[in-house]
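Residue-level structural notes
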Amino acid sequence: MKRKLIAAIGIAGMMVSIAACGSGDNKSGGSDAKELTVWLTVDAQNNWPELVKAADDAVTKKHPGLKIKHEYYGWPDKNPKLDAVLATDKVPDVVEMGNSEMLGYMVKGAFAQVDPAKFENSGQWLDGLKTSVTYDGKTYGVPYYAGGRVANWRKDIAASVGVKTPPKTYQELTADLDKIQKKEGDKFNAWYQPTRDWYAAMSFVYDAGGSIAKEEGGQWKANLSSPESVKGLTEFKNILDKYMHGDKTKDESDRYIVYGQGRSAMIFAAAWEGATAADPKNDKTGKLKDNLENFVMPGPSGKNIPVFLGGSDLAIPVKSKAQDLAGEWINAFTGSQGQKGLMAKGNLPNNKTDLATLKNDPATAVPATAAESNWFVPMAPGWGQVEKAQTLQTMLQDIGTGKKSVEAAAKDADAAIDKVINTK
């Protein structure tokens, strides 16, 4: 999935009025509405317009005369437009959201509650996606599709040290990287791992049995300084110390560019990044096209490392006057047939049943297997403030640069998180 999902961390103040509406104020459901407005991103417009049409056809067949209007937005443009219209009565009936954008809107009461039982495969939704549409025990959206993270390395560099197949265990991985690092020298990144990449760092935390925060008695409490979380953060620091010889203040935004420059043998990244690095406009080596290989990232625990599961959800604004029809359209679009179409386009499905089928195809087995073990951010009311403050990135930079010990940085991060995580 060639985009970076951005958490909804700053919703316009005008949305405060939405919360007063509540998710149950629209009693009619709008099943007799004559028009339905659906907002999707340009991903759907450019890559699977036939799936959109199929959903339209399924709904209009059941409701003759219904007009379905579509508006398409780029990811940077969508939320400002949405924030503006949510304060009016001219809201879309269906809106696509990045799954990490959902929380802030659910906290503010922007989306209508939905009944999961009305949507196909809801009992098998991927854990990370299910979490992203759930707040305070209620469901406010439907998972659309997913995108995971995988390891990717250069086969030619691995072969140069006698390694012909991807590692299956973490011990094999580090042994292979040790050989590569020794051969290529200190100015080379055997594993280019940006320090501020909290998605990767938290995978180590969850692999070690830790977490960002835990909910107890209806309150969230930061958990980064727990022994388990510190263990994961310590191993992340070990990776930075041994294999990452670039700028220790960098984030992951240009990782694929650095990879394309031939300055690294491996990355652990969103599944699209390897292929993007190999694009001729990014591949400065001229060698990447036939030399990159994805593999499932093994974790120090002995299991596959849990990955952050990005993706998209579909939500119904609470002010929609056609909520029932909106639900029907979402079900038609995200149901079994829609998922087959999305998988054919290279996406991961929203459910475990379909995900299992991808493991049988060599072309999709790696991302599908990697996505089976996944994690998501704490669905706490103040999580958006944590992201806005870049608390995790600051902690990781302090750890990676040696400004603070792992224990001290984690303790400071916990204190900062606890100040805001329960605040709406």
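Residues numbered from 1 in each chain as written. Predicted model: local features only at pLDDT ≥ 70, side-chain atom pairs only at ≥ 80, totals over all residues. Heavy atoms only, no water.

Side note on the overall build of the chain
- When its secondary structure is counted, the chain shows 19 helices and 14 strands.
- Taken over the C-alpha trace, the chain has a radius of gyration of 22 Å; the compact-globule value for 424 residues is 22 Å, and the two agree within 12%.
- Oriented by its inertia axes, the alpha-carbon framework of the chain measures out at about 70 × 45 × 35 Å.
- Buried residues in the chain amount to 56% of all 424 residues.
- By sequence separation, contacts in the chain at least 24 residues apart represent 77% of the contacts at least 6 residues apart.
- Working note: accessible area of the chain is about 17,800 Å², and carbon and sulfur atoms make up 49% of it.
- Positive and negative side-chain charges in the chain, numbering 53 and 52 respectively, have mean positions lying 2 Å apart. (Helix = DSSP H or I, 4+ residues; strand = E, 2+ residues; numbered from the N terminus. Rg over C-alpha atoms; globule rule 2.2 N^0.38 Å. Buried < 20%, exposed > 50% of the residue type's maximum accessible area, 1.4 Å probe, protein only. Contact = heavy atoms within 4.5 Å. Areas by Shrake-Rupley, 256 points an atom, 1.4 Å probe, with all protein chains shown as cover. Lys, Arg positive; Asp, Glu negative; His and termini not counted. Charge placed at Lys NZ, Arg CZ, Asp CG, Glu CD.)

Structural notes on the pattern of salt bridges
- In total, this model carries 17 salt bridges according to the counting rule given.
- Notably, a salt bridge pairs Lys53 with Asp57, separated by 2.9 Å at the nearest N-O pair. On the criterion of helical spacing, the pair formed by Lys53 and Asp57 is a turn pair, its members being four residues apart in helix 3 (residues 49-62).
- Of the residues examined, Asp57 reaches a relative accessible area of 38% and is grouped as partly exposed. (Salt bridge = Lys/Arg side-chain N within 4 Å of Asp/Glu carboxyl O.)

Focus on the sheet that holds strand 13 (residues 310-315)
- With respect to topology, five strands assemble into an open sheet ordered 2-1-3-13-6, the strand pairing being mixed. Unpaired on one side and paired on the other, strand 2 (67-73) and strand 6 (142-147) mark the two borders of the sheet. Neighbouring strand axes in the sheet, compared pairwise and without regard to direction, differ in orientation by 20° on average.
- Across five bridges, strand 6 lies against strand 13 in antiparallel orientation. (Pairing = 2+ DSSP bridges. Axes fitted to C-alpha atoms, helices over the stretch in contact; angles between N-to-C directions.)

Here we look at the packing of helix 9 (residues 198-207) against helix 18 (residues 391-401)
- Contact geometry for helix 9 and helix 18: axes closest at 10 Å, N-to-C directions at 80°. Between helix 9 and helix 18, the interaxial angle falls into the category roughly perpendicular. In this structure, helix 9 uses Trp198, Ala201 and Met202 to contact helix 18, whose residues at the interface are Leu392, Gln393, Met395 and Leu396.
- When the residues that make up the contact of helix 9 with helix 18 are grouped by side-chain class, the tally is six nonpolar, one polar and no charged. (Parallel < 35°, antiparallel > 145°, perpendicular 65-115°, else oblique. Nonpolar A, V, L, I, M, F, W, Y, C, P; charged D, E, K, R; others polar.)

Details of the sheet that holds strand 11 (residues 292-295)
- Reading across the sheet, the three strands line up as 10-7-11 and stay open at both edges, with antiparallel pairing between neighbours. Strands at the two margins of the open sheet, each flanked by one partner only, are strand 10 (266-270) and strand 11. Strand-to-strand, the axes of this sheet are offset by a mean angle of 30°, without reference to chain direction.
- With four bridges joining them, strand 7 (residues 149-154) and strand 11 adopt antiparallel strand pairing. Its bridge partner being in strand 11, Asn152 is matched across the sheet by Asn294.

A word on the pairing of strand 1 (residues 35-41)
- Burial analysis of strand 1 places six of its seven residues in the buried class, which makes it a mostly covered element.
- In the sheet, strand 1 pairs with strand 2 via seven bridges, with the strands oriented parallel. Bridge assignment links Val38 to a residue of strand 2, and that residue is His70.
- Sheet topology note: the strand 1/strand 3 (residues 94-98) ladder contains two bridges and is parallel. Bridge assignment links Val38 to a residue of strand 3, and that residue is Val94.

Quick word on the packing of aromatic side chains
- This model, assessed by the stated rule, comprises 19 aromatic pairs.
- Between the aromatic rings of Trp191 and Phe204, the centroid separation amounts to 6.3 Å while the plane-to-plane angle is 35°, which identifies the pairing as tilted. Of this pair, Trp191 sits in the loop between helix 8 (170-184) and helix 9 while Phe204 sits in helix 9, and the two are 13 residues apart along the sequence.
- Trp191 gets classed as buried once you look at its relative accessible area, which sits at 0%.
- An aromatic cluster of at least three residues, connected via ring pairs, comprises Trp198, Tyr199, Tyr206, Phe308, Trp375, Phe376 and Trp383. (Phe/Tyr/Trp six-rings, centres within 6.5 Å; stacked < 30°, edge-to-face > 60°.)

Side note on the environment of Ser320
- By secondary structure assignment, the location of Ser320 is in the loop between strand 13 and helix 13 (323-334).
- Along the sequence, Ser320 and Asp83 sit 237 residues apart, while their C-alpha atoms lie 14 Å from each other.

A few points about the nonpolar core
- By size, the foremost hydrophobic cluster in this structure holds 113 residues, and its most contacted members are Met202, Trp329 and Met395.
- At seven residues, the largest contribution of residues to this core is made by helix 9.
- Among residues more than four places away in sequence, those in contact with Met395 are Met202, Leu224, Leu233, Ala409, Ala410 and Ala413.
- Counting ten residues, the second-largest nonpolar core is a separate cluster that includes Leu129, Leu355, Ala368 and Ala371. (Core = buried A, V, L, I, M, F, W, Y, C linked by side-chain atoms within 4.5 Å.)

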